[in-house]
Amino acid sequence: MTDVTEILTEAPSVFEERSAEQVRDHAALALTRARERSTALTDAVDDEDLVRQHSKLMSPLVWDLAHIGSQEELWLVRDVGGREPLRPDIDDLYDAFQHPRADRPSLPLLGPAEARRYVGEVRAKAFEVLEKAPLSGRRLTEAAFAFGMITQHEQQHDETMLATHQLRRGEPVLHAPAAPGRRTGPLPEEVLVPGGPFLMGTSVEPWALDNERPAHEVDVPAFFIDTTPVTNGQYFEFLDAGGYDQRRWWSDAGWEYRTAHDITAPRFWRREPGGWWRTRFGVDEPVPADQPVVHVSFYEAEAYARWAGKRLPTEAEWEKAARWDPATGQSRRYPWGNEDPKPEHANLGQVHLSPAAAGAYPAGASALGVHQLIGDVWEWTSSDFTGYPGFAAFPYREYSEVFFGPEYKVLRGGSFGTDAAAIRGTFRNWDYPIRRQIFSGFRCARDAEGV
């Protein structure tokens, strides 16, 4: 077999031309932006709301806040910095594998004031470490990887806290400008992705996590993929056709889940005399037809796709549609190219509190003309979460490897609640196929026989 590096390439490292000082500055800004978001999400509610469990699916917000500090202390202060522990007595309390979410309210957690003080002390120590830590000689510190890992960890928990806010009852406490409307003319329903090999995953992205590595060749047969995620308006048609009541569209597991929980529409939706309404961060509003559908499980996405005469894309198909540039044969960092996300590219970072209209980000389209692959909604794929060929756990098995298997389905692309630091064309998310509280949507694909 021909060496893949002779025929396929991926974009170079984003840090390739940066000095050590520029890398430190980049890491410091990323950490600061994450902390500003954590603070905003926890300061938005009173202490009573911080310690309350708003759903058994989620932790109390105060647990997430202190857990963010605990992980930062473990990796940046103790490991990279070699400093004395600040609070070794709380390590077990904030170990996500020790205590299921439903049990966390009963633990002797740090109170709101103590949690805020703790994460502040940890951050001060982490910045001291960042100023002095060598950025080479050890994989954990190469290109400030540990600082990038902790930034992404905090942003991931910020998105989890945002999902908790969606589950919270009461008056709205989060506010943001409305997401943009359509900015293009008519778009084709689907795009043809030619068959052939491409380079999936990455071996050069400096802050890529272990499950994104290594880059490897994947030969993908030709297929069609939806130009945009499935919209609410399209989903209305599935509902009006009785899609939730017809067994033929659902897998065995999906039908069992739907009937056991009496699921009749996406989460947070309800039918009113004038049409469909939803509750969004405490606001009741008509469901906008032009936005991607959100808060649907894998099973619902799968049933819709079957009803539409299509299927969900595989993870490899999704990534090829997002990253492959037929003009160069290169796998891009993002659909639009190799530059970091800007506001014109994608709906990210909680700038808006909903998906944007289909066609709202033409500047973010892929080389093949597929839109909104990054941001707006996490997209379910048909693939189980497994390691790539040559996978090696780093820096700990519990980040990825313990979740490998058919129990979890892969989601791609990020949502309006995902920060730019925690998403890229290779980033992989995973969850149980029943999950609906997450900001999940989907797009469909179909085979292109004879193309």
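Use the structure listed above.
Residues numbered from 1 in each chain as written. Predicted model: local features only at pLDDT ≥ 70, side-chain atom pairs only at ≥ 80, totals over all residues. Heavy atoms only, no water.

**What about the pairing of strand E6 (residues 269–272)?**
Here E6 pairs with strand E7 (residues 275–280) via 4 bridges, running antiparallel. Considered in E7, the bridge of Trp269 is made with Arg278. Here E6 folds back onto E7 in antiparallel fashion, the turn holding 2 residues. (Pairing = 2+ DSSP bridges. Helix = DSSP H or I, 4+ residues; strand = E, 2+ residues; numbered from the N terminus.)

**Section: the packing of aromatic side chains**
As enumerated under the stated definition, the model contains 33 aromatic pairs in all. Centre to centre, the rings of Phe385 and Trp430 are 4.3 Å apart; their planes meet at 5°, and the pair counts as stacked. Placement of the pair is Phe385 in strand E10 (residues 378–385) and Trp430 in strand E12 (residues 429–431), with a sequence separation of 45 residues. Its relative accessible area of 13% is what places Trp430 among the buried residues. Three or more aromatic residues joined by ring pairs form one cluster here, namely Trp75, Phe97, Phe385, Phe391, Tyr396, Tyr399, Phe403, Phe404, Tyr408, Trp430 and Tyr432. (Phe/Tyr/Trp six-rings, centres within 6.5 Å; stacked < 30°, edge-to-face > 60°. Buried < 20%, exposed > 50% of the residue type's maximum accessible area, 1.4 Å probe, protein only.)

**Focus: the pattern of salt bridges**
Tallying each qualifying case throughout the model produces 43 salt bridges. Put simply, Glu154 and Arg123 hold a salt bridge, and the shortest N to O gap is 3.1 Å. Residue Glu154 is located in helix H5 (residues 145–167), and its partner Arg123 is located in helix H4 (residues 112–132); the two are separated by 31 residues in the primary sequence. You'll find Glu154 and Arg123 in the same group, each marked buried. Here Glu339 makes a salt bridge to Lys342, at a shortest N to O gap of 3.3 Å. A relative accessible area of 39% means that Glu339 is categorised as partly exposed. Assessed through its relative accessible area of 40%, Lys342 is described here as partly exposed. Among the charged side chains, a salt-bridge network with shared partners connects Glu10, Glu315, Glu319, Arg323, Arg412 and Arg428. (Salt bridge = Lys/Arg side-chain N within 4 Å of Asp/Glu carboxyl O.)

**Here we look at empty space enclosed by the protein**
For the structure shown, the criterion picks out 3 cavities of 30 Å³ or more. Lining the largest cavity we find 15 residues, and of these Gln166, Arg278, Arg280, Val294 and His295 sit closest to its centre. Of the residues belonging to the lining of the largest cavity, the class tally is 8 nonpolar, 4 polar and 3 charged. Every residue along the wall of the second largest cavity is listed here: Glu10, Ala11, Pro12, Thr202, Val204, Glu205, Arg323, Arg332, Arg333, Arg424, Gly425 and Thr426. (1 Å grid on protein atoms, 1.4 Å probe; cavity = no way out; pocket = protein on both sides within 12 Å on 5 of 7 lines; lining within 4 Å. Points joined across faces, edges and corners; volume = space filled by probe spheres on them. Nonpolar A, V, L, I, M, F, W, Y, C, P; charged D, E, K, R; others polar.)

**Regarding the side chain of Thr426**
Following the sequence through the fold, Thr426 ends up in the loop between strand E11 (405–412) and E12. Judged by relative accessible area, Thr426 falls into the buried class, the value being 4%. At a separation of 2.6 Å, a polar atom in the side chain of Thr426 contacts the side chain of Glu212. Aside from chain neighbours lying at most four places away, what touches Thr426 is Gly201, Thr202, Glu212, Glu319, Arg323 and Arg412. (Polar contact = N/O pair within 3.5 Å; in protein donor to acceptor, adjacent residues only side chain to side chain. Contact = heavy atoms within 4.5 Å.)

**Concerning the sheet that holds strand E2 (residues 190–193)**
Strand order in this open sheet of 3 strands is E2-E5-E14, and the pairing throughout is antiparallel. Looking at which strands have only one partner, the edges of the open sheet turn out to be E2 and strand E14 (445–447). Within this sheet the neighbouring strands show an average axis-to-axis angle of 25°, counted without direction. Packing against the sheet, helix H9 (residues 315–323) makes contact with E2, strand E5 (223–226) and E14, and its axis sits at approximately 75° to E5. (Axes fitted to C-alpha atoms, helices over the stretch in contact; angles between N-to-C directions.)

**Considering the sheet that holds E12**
To summarise the sheet geometry, strands pair through backbone hydrogen bonds and adopt either a parallel or an antiparallel arrangement. Pairing in this open sheet of 4 strands is mixed, and the strands run E12-E11-E10-E13 from one edge to the other. Sheet topology places E12 and strand E13 (440–441) at the edges, where each strand pairs with a single neighbour.

**Regarding the environment of Glu285**
Within the secondary structure layout, Glu285 lies in strand E8 (residues 283–286). Residues Glu285 and Trp269 lie 16 residues apart in sequence; the distance between their C-alpha atoms is 9.8 Å. Reaching out from Glu285, the side chain makes a polar contact with the side chain of Arg278 at a distance of 2.8 Å. In terms of polar contacts, Glu285 uses its side chain to reach the side chain of Arg280, at 2.7 Å.

**Comments concerning helix H1 (residues 20–43)**
If you check H1, its first and last C-alpha atoms are 34 Å apart, about what 24 residues at 1.5 Å a residue would give, namely 34 Å. Among the residues of H1, Val23, Arg24, Ala27, Ala30, Leu31, Ala34, Arg35, Arg37, Ser38, Leu41 and Thr42 are the ones counted as buried. (Expected span 1.5 Å × (residues − 1).)

**What to know about the nonpolar core**
Looking at soluble globular proteins, one finds that nonpolar side chains tend to be buried together. Counting 84 residues, the largest nonpolar core has Phe147, Tyr235, Trp269 and Phe442 as its most contacted members. Discounting chain neighbours no more than four positions away, the residues touching Trp269 are Asn232, Tyr235, Phe236, Leu239, Trp276, Trp277, Arg278, Val287 and Val293. Counting 33 residues, the second-largest nonpolar core is a separate cluster that includes Ala66, Val119, Val122 and Phe439. (Core = buried A, V, L, I, M, F, W, Y, C linked by side-chain atoms within 4.5 Å.)

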